[in-house]
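Overview (structure and organization)
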Amino acid sequence: MVTTVNEHIIETAPTPARTSSAETSFLPLSLCLTLLRDLETLIEVVAEQLYGEDKKWNLIVLTEAAKVCVRLAAFRNTGYKMLLQGGETENLEDSGDSSPQESMGHLTKPIRNQGPGANHLQGWNSWNLEGRAMSALSNFGQNARTVSEPTWLRRVQQHQAILEPPTKVITKPSLSTFLSEKGTRGGLFVTGEIMFILRPLIYVFLVRKYGTRSWFPWFISLAVDLMGNSILSVITMPQDSRKDQHFQFSKSEKDELKRRKLLWVLYLMRDPFFSEYTRRRLENTQKIVEPVPVVGFFAEKFIELLIGAQTRYTYMSGS
């Protein structure tokens with residue numbers, strides 16, 4: 001945990017570009033998730049020592065509930081973008097549905113020097129005599145102020161404008177705005193992402209109620225994973241509706257979908273599937289390679305480590 005905080009401090013060291021545009025906070029949500037992930041194994045071990053094998057799931061449920069709350073907050077703060085590495089990595093890459101003109105529209109528009117009354121004057125009718133007089137008076141005041149400035153000050157301001165690029169203002173849409181812009185596919189995306197966030201909490205809650213030997217938590221968790229991934233796959237398919245046509249994932253988001261599919265391998269290591277099938281295959285493989293020198297020794301140690309790691313939920317949770 002100390003190493004994680006140290007790396008975060010180094011990676012987020014203040015720079016001119018970062019301090020001018022990025023929002024700084026004492027403890028980012030991504031760092032909170034990383035610290036929770038580093039702490040959850042200790043919580044499981046302490047809970048098992050203090051309360052036993054059955055009652056340790058109470059603290060595990062609380063830990064997963066805390067991670068769900070932080071992930072939901074991170075999902076909202078990022079403007080409803082896909083959570084990378086479960087929210088531990090910030091999703092800073094723009095999705096493929098935004099065109100360069102839209103993403104850089106604030107840079108292509110000409111910047112005009114407007115005074116404090118500019119917003120009020122925009123409402124005046126251009127054919128109104130009084131409105132045109134007020135506009136001319138405002139422009140005269142701005143020109144007089146510019147002329148009265150020293151030459152050296154204008155040169156310094158021009159030099160700073162050249163060296164410092166305009167800061168990109170990132171607006172985070174609300175849920176209603178996001179759904180209105182993305183349409184039906186946006187709603188499906190939010191549903192699939194929420195299912196991915198809630199899946200670990202649903203699993204541990206059912207394990208706490210039915211036990212590790214029951215197939216019900218195993219099947220429900222797998223069904224939630226399959227449904228969430230299927231929803232995210234459907235929204236990228238082409239459709240005739242123009243409103244939902246431009247919903248695409250960035251490269252990092254596509255890599256995240258592949259990572260989530262790889263996590264399905266952990267279902268082979270979760271009870272009761274592990275006790276019924278996987279462990280038998282591992283023991284049979286160990287008996288086959290046991291007579292082989294060196295290979296048999298390393299295979300035995302590897303299988304022992306694998307069986308020992310399987311007893312910890314946090315090692316096989318994939319959350």
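Note that the structure is predicted; figures quoted are calculated from it, not measured.

**Some words on a nonpolar patch on the surface**
Taken together, Leu-42, Val-46, Leu-50, Tyr-51, Leu-59 and Leu-62 make up a surface patch of nonpolar side chains, about 590 Å² in accessible area. Its place among the elements puts Leu-42 in helix 3 (residues 29-77).

**Considerations on the packing of aromatic side chains**
Evaluation of the coordinates by the stated rule reveals 16 aromatic pairs. Arranged with centres 6.0 Å apart and planes meeting at 50°, the rings of Phe-189 and Phe-249 form a pair that is tilted. Taken together, the positions of Phe-189 in helix 9 (residues 175-210) and Phe-249 in the loop between helix 10 (215-234) and helix 11 (251-262) put the pair 60 residues apart, joining distant regions of the chain. The exposure classification of Phe-189 matches that of Phe-249, with both residues buried. Between Tyr-210 and Phe-216, the aromatic rings sit 5.1 Å apart at their centres with planes inclined by 65°, giving edge-to-face as the arrangement. For Phe-216, a relative accessible area of 40% corresponds to the partly exposed category. Taken together, the ring pairs connect Trp-215, Trp-218, Phe-219, Tyr-267, Phe-273 and Tyr-277 into an aromatic cluster. Here the basic side chain of Arg-260 rests over the ring of Phe-196, its NZ or CZ set 3.6 Å away from the ring centre. The ring of Tyr-203 is capped by Arg-270, whose NZ or CZ atom sits 5.7 Å from the centre of that ring.

**Comments concerning helix 9**
Along its 36 residues, helix 9 runs just 35 Å from first to last C-alpha, ending more than 12% under the 52 Å computed at 1.5 Å per residue. For helix 9, the principal kink sits at Gly-183 and spans about 125°. Following helix 9 by one or two positions, Gly-211 has its phi on the positive side, about 95°.

**With respect to the nonpolar core**
Counting 16 residues, the largest nonpolar core has Phe-75, Phe-189, Leu-232 and Phe-249 as the members making the most contacts within it. Contributions of two or more residues to this core are made by helix 3 and helix 9. Among the elements that take part in this core, helix 9 stands out by supplying 5 residues, more than any other. Residue contacts for Leu-232: discarding those within four places in its chain leaves Met-82, Phe-189, Gly-192, Glu-193, Phe-249, Leu-257 and Arg-260.

**Structural notes on the confidence of the model for the chain**
Scored by pLDDT, the chain has a mean of 77; 68% of the residues are at 70 or more. Across residues 97-127, confidence stays below pLDDT 50; counting only partners more than four residues off in sequence or on other chains, it has 22 contacts.

**Remarks on helix 12 (residues 273-289)**
For helix 12, which comprises 17 residues, the first-to-last C-alpha distance of 23 Å matches the rise-based estimate of 24 Å (1.5 Å per residue) to within 8%. A bend of about 30° at Arg-279 is the largest found in helix 12. Taken residue by residue, helix 12 has Phe-273, Phe-274, Thr-278 and Leu-282 as its buried positions. Of the surrounding secondary structure, the elements contacted by the buried residues of helix 12 are helix 10 and helix 13 (295-310).

**Re the environment of Ala-66**
Examined against the element boundaries, Ala-66 turns out to sit in helix 3. Ala-66 sits 30 residues away from Leu-36 along the chain, and the two C-alpha atoms are 8.5 Å apart.

**With respect to the pattern of salt bridges**
Using the criterion set out here, one finds 14 salt bridges in the structure. The shortest N-O distance in the salt bridge between Glu-53 and Lys-56 comes to 3.4 Å. Of this pair, Glu-53 and Lys-56 both sit in helix 3, separated by 3 residues, roughly a single helical turn. Lys-56 gets classed as buried once you look at its relative accessible area, which sits at 1%. Measuring nitrogen to oxygen at the nearest pair gives 2.9 Å for the salt bridge that ties Glu-256 to Arg-259. Taken together, the positions of Glu-256 and Arg-259, both in helix 11 and 3 residues apart, correspond to about one turn of that helix. Residues joined in a network through salt bridges with shared partners are Glu-44, Glu-48, Glu-53, Lys-56 and Arg-312.

Quick notes on the rules
Residues numbered from 1 in each chain as written. Predicted model: local features only at pLDDT ≥ 70, side-chain atom pairs only at ≥ 80, totals over all residues. Heavy atoms only, no water. Patch = residues over 30% accessible without salt bridge, like charges linked within 9 Å, V, L, I, M, F, W, Y side chains within 5 Å. Areas by Shrake-Rupley, 256 points an atom, 1.4 Å probe, with all protein chains shown as cover. Salt bridge = Lys/Arg side-chain N within 4 Å of Asp/Glu carboxyl O. Helix = DSSP H or I, 4+ residues; strand = E, 2+ residues; numbered from the N terminus. Phe/Tyr/Trp six-rings, centres within 6.5 Å; stacked < 30°, edge-to-face > 60°. Buried < 20%, exposed > 50% of the residue type's maximum accessible area, 1.4 Å probe, protein only. Lys NZ or Arg CZ within 6 Å of the ring centre and 35° of its normal. Expected span 1.5 Å × (residues − 1). Bend = angle between axes of the 7 residues up to and from the residue. Core = buried A, V, L, I, M, F, W, Y, C linked by side-chain atoms within 4.5 Å. Contact = heavy atoms within 4.5 Å. pLDDT = per-residue confidence, 0-100.

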